Amino acid sequence: MKIGEVIRKYRKEKQMTQEELADYLGITSSAVNKWENGYSLPDISLLAPIARVFGITTDTLLSYKEELTEAEIARIMEQFTEKAMAGDYDALFSWALGMLQEYPNCDELAINILPGLDGYKIILGVAETGTYDEYIQKAYRRLLKSPKSDVVKNAAVFLFHGYMNQKEYDEAEKILSYIPERESEHKMLRALLYRRRGESDAAYQAYERMILEGYEKINVAFTGIFELASDIGDVERRDLMIEKQEELARILEMGRYHEIYLRLYPALEQRDKETSIYLLQELVQGIRNARDYRKSKLYAHLYADADLKENDIRGTAFMLKQSFGRDDAIGFLRGNPRFEQIMRELEQLCGQE
């Protein structure tokens, strides 16, 4: 926001006329009018008095720390696109540079404009990009110091790809440190780095691990929707989640336990003895075979990491045994010889070494 716009904004907030502001400052109202319409600027000696009149700092008056709203950034980016479509990259770059200089502290504006400048170099077929590349890279590096984590992450992603395109893999790896390792973006970029370096086994492992982690996240989402639909009696959506969860587990070869465990809940709710016992038997067998997914070709490079230890099987069996022991929904099965046999098998799985 230009200084004239700031003066108009705060003058109106104070419910002052241009004449009243002029009287406070000992100047003419026409001078105030020229400021507000962008025809002239206040003398530097008037900056502090103007700020005192409005009860703001000179930094605020000069928009030194101003943050643009999302709507304002969106409008600027619309202008950016219009200028880009004119096909003159030099003019586009100069205009964008002016906007970044006008709002030097708005990191969100920078992280929107810089990728556009990067992309339009290619789209518009700019032959000599060296000067532009140097500026853009330096600007991204400045954004790595932003207090806003999303800005830092996005700047790091663009820098990473820039270094990858230049085959500067060591620099690309350094940039990865700006993206938390737990985030999927880091994992995807790490896998790409392994692949470009020719480290095939490491790349396979990274991608295969992403499949397993992706399954876990989607599984949590499906289960959450299933439970929500069950809570509100949305049977159609509940059954859809059962179907999709089974398909997901089968496609990713996660084993019988993961394929069918959601089917148990409606069977118990309907007090369907035969189906419930069948599913319980399948679940117990699924626990026994829980390590089989590591034999899948999908996870051929992860067998060491994905190997399910005995304690993991015991833990799952213990969880089921405890749940079956106290869940009222399963009470109608207690005393049934087949159910009691299932409980004994779970007990054996809990105690196996």
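Residues numbered from 1 in each chain as written. Predicted model: local features only at pLDDT ≥ 70, side-chain atom pairs only at ≥ 80, totals over all residues. Heavy atoms only, no water.

A ring pair, where both rings are aromatic, is described by two values, the distance of the centres and the angle of the planes. Going through the model one piece at a time under the given rule, you end up with 11 aromatic pairs. Through a chain of ring-to-ring contacts, the aromatic side chains of Y89, F93, Y132 and Y135 assemble into a single cluster. When the ring centre of Y10 is taken as origin, the NZ or CZ atom of K9, which lies over that ring, is 4.1 Å away. (Phe/Tyr/Trp six-rings, centres within 6.5 Å; stacked < 30°, edge-to-face > 60°. Lys NZ or Arg CZ within 6 Å of the ring centre and 35° of its normal.)

Now for helix 11 (residues 169-176). Every buried residue belonging to helix 11 is among Y169, A172, I175 and L176, and all of these are buried. Down the axis of helix 11, the buried side of the element spans an arc of 115°, and every buried residue falls inside it. Opposite the buried face of helix 11, at more than 90 degrees from it, the exposed residues are D170 and K174. The elements touched by buried residues of helix 11 are helix 9 (130-143), helix 10 (149-165) and helix 12 (184-197). (Buried < 20%, exposed > 50% of the residue type's maximum accessible area, 1.4 Å probe, protein only. Helix = DSSP H or I, 4+ residues; strand = E, 2+ residues; numbered from the N terminus. Arc of directions from axis to C-beta. Contact = heavy atoms within 4.5 Å.)

Counting residues in hydrophobic clusters, the biggest one holds 45 residues, and the most contacted among them are F80, L109, I113, L117 and F160. Counting residues per element, the ones that place at least two in this core are helix 6 (70-85), helix 7 (89-102), helix 8 (107-123), helix 9, helix 10, helix 11 and helix 12. The leading source of residues in this core is helix 10, at 9 residues. For I113, the residues in contact, after removing those within four places along its chain, are I76, M77, F80, A96, M99 and L100. (Core = buried A, V, L, I, M, F, W, Y, C linked by side-chain atoms within 4.5 Å.)

Here we take up helix 12. An α-helix turns once every 3.6 residues. As a result, residues three or four positions apart point the same way. Taking 1.5 Å per residue as the helical rise, helix 12 with its 14 residues ought to reach 20 Å, and the 20 Å between its terminal C-alpha atoms agrees with that figure. For helix 12, every residue scored as buried is listed here: H186, L189, R190, A191, L192 and L193. Those residues of helix 12 that are buried are in contact with helix 10, helix 11 and helix 13 (200-232). (Expected span 1.5 Å × (residues − 1).)

For D43, the position within the fold is in the loop between helix 3 (29-36) and helix 4 (47-54). A distance of 2.6 Å separates the side chain of D43 from the side chain of S45, its partner in a polar contact. (Polar contact = N/O pair within 3.5 Å; in protein donor to acceptor, adjacent residues only side chain to side chain.)

Scanning all chains against the criterion turns up 25 salt bridges. Here K153 and E183 are joined by a salt bridge, their closest N and O atoms 3.2 Å apart. Highlighted residues: K153 in helix 10 and E183 in the loop between helix 11 and helix 12, separated in sequence by 30 residues. Residue E183 is classed as partly exposed on the basis of its relative accessible area, which comes to 24%. The shortest N-O distance in the salt bridge between D292 and K295 comes to 3.4 Å. (Salt bridge = Lys/Arg side-chain N within 4 Å of Asp/Glu carboxyl O.)

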